[in-house]
Amino acid sequence: MKYTAKPLPKVELPELRQVGKPLRRVDALGKTTGTTVYSGDFTMPNMLHAKVFRSREPSARIKRLDVSRARALPGVVCVLTAADLPDARLVTDMPGQTGQKRRAGSDAPVLASDVVRFAGEPIALIAAETLAVAEQALDLVEIEYEPLPGVFDPLAALQPGAPVVHEPDNVVARWKIRKGDVKAGFAVADVVVENTFRVPFIDHAYIEPESGVAWMDGQDVINIRVCTQVVEHFRSIARAVGVPHNKIHIQGTLLGGGFGGKEDITVEIFLALLAKHTRRPVRLEYTREESILAHSKRHPFIITHRTGVKRNGRITAAEIKMVSDSGAYLYLSPYVLLYATIAASGPYRVDHLKVDSVSAATNNPFTSAFRGFGAAQAAVAYEQQMDEIAKVLGLDPLEVRCVNYLKTGDRNATGQEIKSAVWLEEAATRALEALGEKTPAPSDAVKIGQGFASYLQSYGRITWFHDTSRAWVGLELDGSVVIRCGVPDLGAGQINSLCQIAAEVLGVGLDDVTIYSTDSALTPLAGTTTATRQLYMSGNAVFHAAGAVRESLLERASKHFEEPPDGLDLAEGRVFVKDDPEQSLPLSELAAMCAAGGLPLANLYLFKAPFTSTLDPEGLQGDVFPDFTFGAHAVEVAVDTETGEITLLKSVGCHDVGRAINPAAVVGQIQGGSAQGLGYALMEEVIVEEGIIRTPSLAEYLIPTAMDLPVTQAIILESGSGVGPFGAKGIGEPSLTPAAPAVANAVADALGVRIPDLPLTPDKVLAALDRAAGREAVGAAACETDDDGSEA
Amino acid sequence: MLPEFNLLTPQTLAEALDMLAESAPDAVPLAGGTNLIVDLRDRRQCPAVLVNVAELAELRGIRQENGHVVMGGGTTIAEMLNDPLIAQHAPVLQDAARIFANPLVRHRATVAGNLVYGSPAANTPPPLLVLDAEVELASQAGVRRVPLDDFLVGVRETACRPAELLTAVRWPTPAQHSAAAFRKVGLRKSDAIAVLNVAVRVTQRADGVCEQTRIALGSVAPRVIRARAAEESLLGQPLTETAIAEAARLAAEATRCISDIRGSADYRRRVTEVLVRRLLTQVAGEVK
Amino acid sequence: MQPKVVTLNVNGRQHYVALMPNVTLLHALRDLGYTDVKSGCEKGDCGACAVLLNGAPVNSCLVLAWQADGAEIVTNVGLGTMDRPHVIQEAFADAGAAQCGYCTPGMVISAKALLDRCPHPTEAEIREAIAGNLCRCTGYGQIIEAVQLAAERMSEGSGE
């Protein structure tokens, strides 16, 4: 089928000088020349080396723990166990910096005391003079376990009589959406389509494993240099260590990738404890294996859609059930589940909707944030369901979506009115048009398939968290600009965007701006780099702070030129009269005039997201998010029907980003985010058997190489309708969300049969073809998720 | 960190063999290290002594000798990939080398290391088996030649004795009417351990009748195996579709697959048949 | 296990260092301050630690420092600096090829090795050359673009 791009609504975006330009990022050359220093690159004089002793058992009672031999090893300076740290618990609550109430029972012990609940759970900390000694000491820790019954499947965990991971039961969170009258909706449906989809555990696989260095200073402050997405964890660390909040100082570094995996506390708590107990600098760096063992995973989900539709494809009602595996500790599971629940019905108008979701504790690795945060898993299900609906009705997949797409002014699953542009059809038709005609198959055994997926994804945090960000912007006397902002830069260009925004507002070049970031004590707190919130939150904070400085400058210049402030502008490091640009001054002179007059040259701005109240848990109706990003991803695949191998041939992502602050960086997000989605679809899976990870390193946990991916064509749409600075929306997470379901749909198109479980391995392709042909299925690999056929 | 060991760096082959003999069985040769160092790190091997043979001139070089191609055991996969002699006489080996791990590993990994490690999923044994390769094993006692087919024993098990060094691989220069092919299935397009891999070589007379056939199967048994019944079924026959299908079926029957994280036993067996059929079809076309 | 003094010629500078035999080149280089050589897996799976060893791109985590005794080693910082970046480093910056930047030094090394032997690579050749360097941020598109850009600029520079 040939698709033609739907014409875009007319939008006039103002021409800007810095914003909207694909400028070289401020951090680019430092990184490409190897100059940038990452957290693992820091060392300190007289530094100790730390290791973490971890559980090998997924569910056991610790019968005996004896660290005396480890302590006695020459060179070992400190060994800590739970006995040394009463009450040390890891508080990784979602509200973070905003002071909201924590959920009861959400704290994981820093070190396990009597019971271990997952393989990899920390039990003891060792600090030694050398890494070699620390590693030797690990081998000298004596431990005896009494195995306890474990539960390794979220469905099993919800059954009566299942081993209980935490009292009173394994339900860690439940959410429900009740909207309209589902019964009535199904009553008017012509057809009801029901399917169940599954997604696996996923590792973030950032190339930089977790690392950091901590030391105490002359004020008894514990300083921690660490790669983290959340410098505000200093509060949780202070509580766990037992010191006042002002005695923990996080000096965050540029991250070697985060993707949600450095959102929870990682090494910093261990570093703080060891630095405090030894009063010496301590370094801790995870190996890749320890990284995979120690940090969170993306939640596996089992999602069942039951959708009532009219013959023309219009959805009359939907009933969706979701089960996620929360692993051994809570972390952000309730919120990931909430995001999934709200995104469950996708970017479609469903007036009669019922969603029931539950997250179950198991003795599997714990799960928490990962780019997409539940909404990515939801999309894998709802977009495959849309294609299945189209198939049942004999309609084109685009046609079915078009009759259901949300429009501006419509209400989403929680009844929140969508106020920004909703260019779903515009994005989908562009992605499909760019995909073009199907590539001819090279042989009979190879089938070509095309597929696409649409999505909605929130950017900015849940509004009942009362999210804030702060930024300080100042003009130096030579006309250069300084930003101070606590934002952690994960590599996506967070700090660069802030610099481009300040440069725009203050009329300087990008080279004239320097940013100091990611410091819990020295830079204004900007909140977490999560939830696609930094451009929206800190971007606005910088925009307004720079705006205040601009106002102050123009006011002073207005006196000088005897022109009203709005008759003046700032550009190229000068202030000038708009109607007579010859009349101008360098910013340095203007700054000097302001300084001489005691006028402010700097501003600290606190940006607040909309604040709402929590929703009624009986139906979750109300406003939840600041806004949403919309778009589509389309792919073409070649499937070898005899070997089951899938090759990606084409990939196109089209997203309305509101306004691209730096289009090159947006392309990078679309290509990079979708690469993670393509890996999700085709090869990535943390295989967990009875609580033990069978993909312990990057030799087994496969992420795409340069040979696996076509270059994703990035199509950037700019509606200018977002709530970020200059009308920007967020693109960090949205870029990933539609890629995996697009692949699943393309493979289903190629094969004529759907594989409902990611990843789409060669084994599963052949099994699906067998099912379709009525042949006996190829035996599933022993490692594959046990499918007991029960429903969510 | 790596466990403790002593590292000896001989200047000559003779010296290396002395060092290996002196410390046997606790000494192992170290060349590219792409398997060994990983094993050391994971504590899968903890030898007391490593003998660094990476720089030994005697283990390098690819040459023709009495109707044979002789390749030093220290030849890296990258060297193999760029060698004109291999390109001329054993392109099938380059097909395997091209998707061997990744380019960084290929610059260190050696053919001897790949063979001695005894992995059923290794890339070079299937093409070398279909080339009728022999390995040269040197020790203080002298040099012995062992057919590769006898050298491979089981999972990480070979006929290499303690204090022996695999110094060279050699195979008869293939006949004019011979064609070979290799195919690997992995879970990604590069740097993937084989779910299975297959090499075939066929020598045909001018009338298309098959004079000699070799079929080698990787990752479908405890060692890389020859599918002899399948090979024999083609002898004296033209490579018709039926004959090829039968050989492919027999090849699949020769497998003893297991299920692991990369694929199920049934998958491996079934795709073995597919790959053997495809490769035989491909070479049948090429020879003609 | 006894230490030995080995000579490491890194980026044109000679270092004489006493090292134990079980120290990998990766750790030896990082301890000498070449922290641009990144540690990502220590098993040869990710390529973050890639250096040129006598001109060949290798994973420094899979080379023992003793094996590099006397060899010429080039790390990313040996190619250029912020003031005088190498064409490849500049192209990577210009093309947006570095997001988090952690894979970048190794990626630049693989690109250097490619362009040294093949000044006008095809897209497929570029992909093959960087197949041992994992990147989790970019999806490789802008990295491939950067290598193409570097190749163009190098051929312009050489008057081709």
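Residues numbered from 1 in each chain as written. Chains lettered and ligands numbered in written order. Predicted model: local features only at pLDDT ≥ 70, side-chain atom pairs only at ≥ 80, totals over all residues. Heavy atoms only, no water.

Visitor: So what's going on with the interface of chain B and chain A? Which residues, and what values?
Guide: In this complex, chain B contributes 25 residues to the contact, which on the side of chain A involves 35 residues. The contact between chain B and chain A buries some 2,400 Å² in all, and 53% of this surface belongs to carbon and sulfur atoms. Summed over the three residues of chain B that lose the most area to chain A, namely B:R188, B:K189 and B:I261, the buried surface amounts to 28% of that side. Our enumeration of links across chain B and chain A arrives at six salt bridges. Between A:E645 and B:R183 there is a salt bridge; the shortest N-O distance is 2.7 Å. Counting across the interface, chain B meets chain A through 13 residue pairs in polar contact (both at pLDDT 80 or more). Of all the elements in the fold, those that place two or more residues in the side of chain B that touches chain A are β11 (178–185) and α12 (265–287) of chain B. Of the residues forming the side of chain B that touches chain A, the biggest block, eight residues, is contributed by α12(B). When its residues are assigned to classes, the side of chain B that touches chain A shows nine nonpolar, four polar and twelve charged. (Contact = heavy atoms within 4.5 Å. Buried area = accessible area lost by both parts, 1.4 Å probe. Salt bridge = Lys/Arg side-chain N within 4 Å of Asp/Glu carboxyl O. Polar contact = N/O pair within 3.5 Å; in protein donor to acceptor, adjacent residues only side chain to side chain. Helix = DSSP H or I, 4+ residues; strand = E, 2+ residues; numbered from the N terminus. Nonpolar A, V, L, I, M, F, W, Y, C, P; charged D, E, K, R; others polar.)

Visitor: Describe the sheet that holds strand β24 (residues 580–586) of chain A, and please don't skip the residues or the numbers.
Guide: Residues and elements named next belong to chain A. Here we have three strands laid out as an open sheet, ordered β22-β23-β24, and antiparallel in their pairing. Edge strands, defined here as strands with exactly one partner in the open sheet, are β22 (568–571) and β24. Averaged over all neighbouring strand pairs, the angle between strand axes comes to 30°, with direction disregarded. As judged from the four bridges shared by β22 and strand β23 (residues 574–577), these two strands associate in the antiparallel manner. Bridge pairing in β23 places D569 opposite F576. Helix-sheet contacts for helix α14 (residues 534–561) involve β22, β23 and β24, and the interaxial angle to β22 is about 120°. (Pairing = 2+ DSSP bridges. Axes fitted to C-alpha atoms, helices over the stretch in contact; angles between N-to-C directions.)

Visitor: Hey, could you go over the domain arrangement of chain C for me, with residue numbers and the actual values?
Guide: Residue and element names in this part refer to chain C. Under the domain assignment used here, chain C contains domain 1 (4–78) and domain 2 (80–155). Centre-to-centre, using C-alpha coordinates, domain 1 lies 21 Å away from domain 2. Taken together, the contact between domain 1 and domain 2 spans 16 residues of the former and twelve residues of the latter. In total, domain 1 and domain 2 occlude about 1,200 Å² of area from one another, counting both sides; carbon and sulfur atoms represent 58% of this. If you sort the residues of domain 1 by the area they bury against domain 2, K38, L52 and N76 come out on top, with a joint share of 40%. For the pair domain 1 and domain 2, the interface holds five residue pairs in polar contact (both at pLDDT 80 or more). Looking at side-chain class alone, the side of domain 1 that touches domain 2 contains eight nonpolar, five polar and three charged residues. (Domains from an automatic or database assignment.)

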